Structures are given as structure tokens and as C-alpha cells.
Amino acid sequence: MRILVTGAAGFLGSHLSDRLLAEGHSVVGMDNFLTGHPDNIAHLMGNQRFHFIQHDVTNFVYVEGPLDGVFHFASPASPIDYLEKPIQTLKVGSLGTHKTLGLAKAKGARLLLASTSEVYGDPQVHPQPESYWGHVNPIGPRGVYDEAKRFAEAMTMAYHRYHGVETRIVRIFNTYGPRMRPNDGRVVSNFIVQALRGHPLTIYGDGSQTRSFCYVSDLIDGIYRLFQSDRSDPVNIGNPGEFTVRQLAERVIELTGSTSKIVTRPLPEDDPKVRQPDITRARERLGWEPRVQLDAGLRSTIDFFRAHPAT
Ligand code: NAD
Ligand code: UDP
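Residues numbered from 1 in each chain as written. Chains lettered and ligands numbered in written order. Predicted model: local features only at pLDDT ≥ 70, side-chain atom pairs only at ≥ 80, totals over all residues. Heavy atoms only, no water.

## Let's talk about the environment of Leu-44
Within the element layout of this structure, Leu-44 appears in the loop between strand S2 (26-31) and strand S3 (50-54). By relative accessible area, which is 5% here, Leu-44 ends up buried. Sequence spacing of Leu-44 and Pro-76 is 32 residues, and the spatial spacing of their C-alpha atoms is 22 Å. Those residues in contact with Leu-44, other than ones at most four positions away along the chain, are Ser-17, Asp-18, Leu-21 and Phe-50. (Helix = DSSP H or I, 4+ residues; strand = E, 2+ residues; numbered from the N terminus. Buried < 20%, exposed > 50% of the residue type's maximum accessible area, 1.4 Å probe, protein only. Contact = heavy atoms within 4.5 Å.)

Written as C-alpha cells, this is what we have:
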């Protein structure tokens, strides 16, 4: 297949491109480097089956030749990124999703949308099944990301229902691994970089809020299976292993052997108190199950940050 990956120079888009190439497909990577970096795809540049286009997908998207698939992954994803770039975040989730759906329709391609557990907001149902409609503050600082993704899901379903485009929606839960930016602000990269530098680990709030952390190879495997599956409603992909942020900080200190202390900082507005995916649907439909446990995933992410201290 010939597949377009938007956001290809980002953390997940680059791993997805690696997997698609490893499966024998051709990949057209597209990115405007808003939050991604050329380093993430430098290793693909000599590959005859990889072609890169620098482009902002909120503008009309032109790709020459046939396409069988579109993975729409372009979007800031870290809270500090989308708080710094609120308008770009709203535009890539809305206009960017519209443009890539239009492209998929014109090419007769299947489109997979990278959605997020943030569509559940600060959830009042725990764990979160796909049937939960969520609890989102539309006018709070996180609303720019959450509502853009909710709009993206609605637009994707409209193209599916009205134009008959083959679509898939993955709701991604917190994912970590190599190629996260050291300064992207997400908790796993922050804690590892702080621990390796001997700086204090910054817990926001009292650290009792929970997240469920999925290692990147597990996530990509679930997404590839979802793309090949035959249903258009959303599927949660994430690791149900749930930890408090304080537990995560303690694991990182232990695994890095760091002497860093833990400090607390104010909790950001609307920060979800709990999050855990209900992955029944992924298990039943995709035969998918995460395999990498937190300690193993943290070890390989720590190795990456040790090997790339300045990136
Ligand atoms: P990332 O910031 O590393 O990658 C996003 C990429 O999109 C970057 O390379 C960026 O330059 C590119 N981009 C942004 N706006 C663009 C535009 N207008 N045109 C072209 N390219 C653009 O983030 P990530 O963690 O790799 O996330 C990828 C996708 O997965 C996002 O859609 C995100 O919402 C979703 N997601 C990620 C997570 C996670 O835990 N990593 C969780 C939920 C959802
Ligand atoms: N967090 C933290 N310290 C940090 C970065 C994040 O305590 O240095 C907390 C954050 O407040 C949230 C959790 O860790 O409760 C996960 O944050 P992240 O930005 O990784 O993703 P989110 O799930 O909030 O989108």
C-alpha cells in the first residue's frame, strides 16, 4: 500500500512510519515541524519507499499519485505545546482533519484519525469505555485540544456516513518511549530528563492523579491492527496499568539510580484526576493486548535519553 502519514516527524508519526515501512508499504510523510523534528525521520531519508513533504496540513493537501491509506497524526500533543499553540492546535484538529478527509475521499483511501483519551476530559466514569461521552470544559485551557479532537471525530464520522469514506478512530492514552523531546513537557520525559540531570522531579499537585502509560511499540501495534480492521467506531488503545504520578516519579528515580528529590508544583487547570482505558473493544476486535510493562518501557526510554542527552 501507499500511505500518507501526517505528523510523520513527530514522536508517534515517526514510529508509525517505521512500522509501515517494515510491513513493506510505501510511506509519504508530511509535517511542518511545528512540534516535530527532522531528526526523527533522518534514518528514513535514504529509503526508496519513504518520501517526505514539508507542508502544513491546515492548508489544501496535495499528494501526487495513488494513496491507499491516510494516518492523520499531525497535532501538538503535549499540554505545554497546545497551551503555547492554541490556534494551531484548533486548526490542525479541525481544518487539518477536513483537508486530510477530503484527500482520502478523492483518493479512495482509508483514513485513520489519531484521537485521544482527552475526549473524555476529566472523566466521571472510570475506567473509560468508548461509550462514555466525556466531561470536557470547552472554554478551559485544555479545551483547544480536547474540542479540536472531538470535532475531528465528528468530522471523521460525517465523512464516513455522508461520503462513505472508510475511516478508523483510535483514542490514544498516554504513550511514551524513545523520540519524545526532552523538553516536550509530558510527565515521562520530564521525570526521566530531570532524574538523569540530577534535578528535582516536578510533581504537579500532590501527585495522587493517575495515568495509564502505554509503551510506544504496543500502541503502534494496536493502531496497525485497527487500520486493518473493519469497523469505523472509536477504539481505545492504551495500557490499563494505572499509576499515580507520584508512583511514576518514584519508579523513575529507582530505575535511573538518581539522587534527585521530588518537589511539588501547582496543578494545571482542568488536569484530569484519573485516567485508565477500558480496552475490552481492542481485545475483542483486534486481539490486541499491551505487552510491555512500565519498568521495561521506562528502561528503554531511559536508555534513549542517556544516549541522546542534547536532543
Ligand atoms: P508530536 O508533537 O511529537 O507529533 C505531532 C507532529 O505533528 C509533529 O511532528 C508536528 O510538527 C506535526 N504537526 C503539527 N501541526 C501540523 C500541521 N498543521 N501540519 C503538519 N504537521 C503538523 O506528538 P505525538 O505524541 O507524536 O502525537 C501524535 C498524534 O497522536 C497527535 O495527533 C496526538 O494528538 C495524538 N495523541 C498522542 C498521545 C501520546 O501520548 N503521545 C496521546 C493521545 C493522542
Ligand atoms: N505532570 C507532573 N509533572 C510534570 C509533568 C506532568 O506531575 O513535570 C503531571 C500532569 O499534571 C498530569 C500527568 O503528570 O497530571 C500527566 O501529564 P502529561 O503532560 O504527561 O499528560 P496528560 O495526561 O496530562 O495529557
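## Section: the packing of aromatic side chains
The tally for this structure, following the rule as stated, stands at eight aromatic pairs. Ring plane angle 5° and centroid distance 4.3 Å describe the contact between Tyr-82 and Tyr-145, whose orientation is recorded as stacked. Placement of the pair is Tyr-82 in helix H2 (residues 79-84) and Tyr-145 in helix H4 (residues 143-163), with a sequence separation of 63 residues. Across the pair, Tyr-145 and Tyr-82 agree in class, each one buried. Plain terms: the ring middles of Tyr-120 and Phe-173 are 6.1 Å apart, the flat faces sit at 40° to each other, and that makes the pair tilted. With a gap of 53 residues between them, Tyr-120 in the loop between strand S5 (110-116) and H4 and Phe-173 in the loop between strand S6 (167-172) and strand S7 (175-176) connect regions that are remote in the sequence. Phe-173 shares its class with Tyr-120; the two are buried. Of note, Arg-110 hangs over the ring of Phe-227, and the distance from its end group to the ring centre comes to 5.7 Å. (Phe/Tyr/Trp six-rings, centres within 6.5 Å; stacked < 30°, edge-to-face > 60°. Lys NZ or Arg CZ within 6 Å of the ring centre and 35° of its normal.)

## Here's the deal with H4
The end-to-end C-alpha separation of H4 is 28 Å, in line with the 30 Å expected for 21 residues at 1.5 Å each. Residues of H4 that are buried: Gly-143, Val-144, Tyr-145, Asp-146, Ala-148, Lys-149, Ala-152, Glu-153, Met-155, Thr-156, Met-157 and Tyr-159. Immediately beyond the C-terminal end of H4, within one or two residues, lies Gly-164, with a positive phi of roughly 70°. (Expected span 1.5 Å × (residues − 1).)

## Digging into the site of ligand 1
In the neighbourhood of ligand 1, 29 residues make up the surrounding shell, with Leu-12, Asp-31, Thr-35, Tyr-145 and Lys-149 lying closest. In the environment of ligand 1, an oxygen atom lies 2.9 Å from a nitrogen or oxygen atom belonging to the backbone of Phe-11. Contact with the protein chains removes 97% of the 830 Å² of surface that ligand 1 exposes when unbound. Where the shell around ligand 1 is concerned, the elements lending two or more residues are helix H1 (11-22), S5 and H4. Split by residue class, the shell around ligand 1 holds 13 nonpolar, 12 polar and four charged. (Near = heavy atom within 4 Å. Polar contact = N/O pair within 3.5 Å; in protein donor to acceptor, adjacent residues only side chain to side chain. Areas by Shrake-Rupley, 256 points an atom, 1.4 Å probe, with all protein chains shown as cover. Nonpolar A, V, L, I, M, F, W, Y, C, P; charged D, E, K, R; others polar.)

## Considerations on the site of ligand 2
Neighbouring ligand 2 are 18 residues; Thr-202, Tyr-204, Arg-211, Asp-271 and Arg-275 lie closest to it. Here an oxygen atom of ligand 2 and a side-chain polar atom of Asn-174 are 2.8 Å apart. In this structure, an oxygen atom belonging to ligand 2 sits 2.6 Å away from a side-chain N or O atom of Asp-271. In isolation ligand 2 offers 520 Å² of accessible surface; the protein chains occlude 95% of this area. Contributions of two or more residues to the shell around ligand 2 are made by helix H5 (187-197) and strand S8 (201-204). Grouping the amino acids of the shell around ligand 2 by side-chain chemistry returns seven nonpolar, five polar and six charged.

## Side note on the sheet that holds S6
With parallel pairing, seven strands are arranged side by side in an open sheet as S3-S2-S1-S4-S5-S6-S11. Each edge of the open sheet carries a strand with a single partner, namely S3 and strand S11 (235-237). Sheet twist, expressed as the average angle between the axes of neighbouring strands with direction ignored, equals 20°. Here four bridges tie strand S1 (residues 2-6) to strand S4 (residues 69-72), and the two strands are oriented parallel to one another. By the bridge assignment for S4, Thr-6 is matched with His-72. The sheet contacts of H1 involve S1, S2, S3, S4 and S6, and relative to S1 the element is tilted by about 170°. Strand contacts of helix H3 (residues 86-107): S1, S4, S5 and S6, with the helix running at about 175° to S4, the strand carrying the most contacts. (Pairing = 2+ DSSP bridges. Axes fitted to C-alpha atoms, helices over the stretch in contact; angles between N-to-C directions.)

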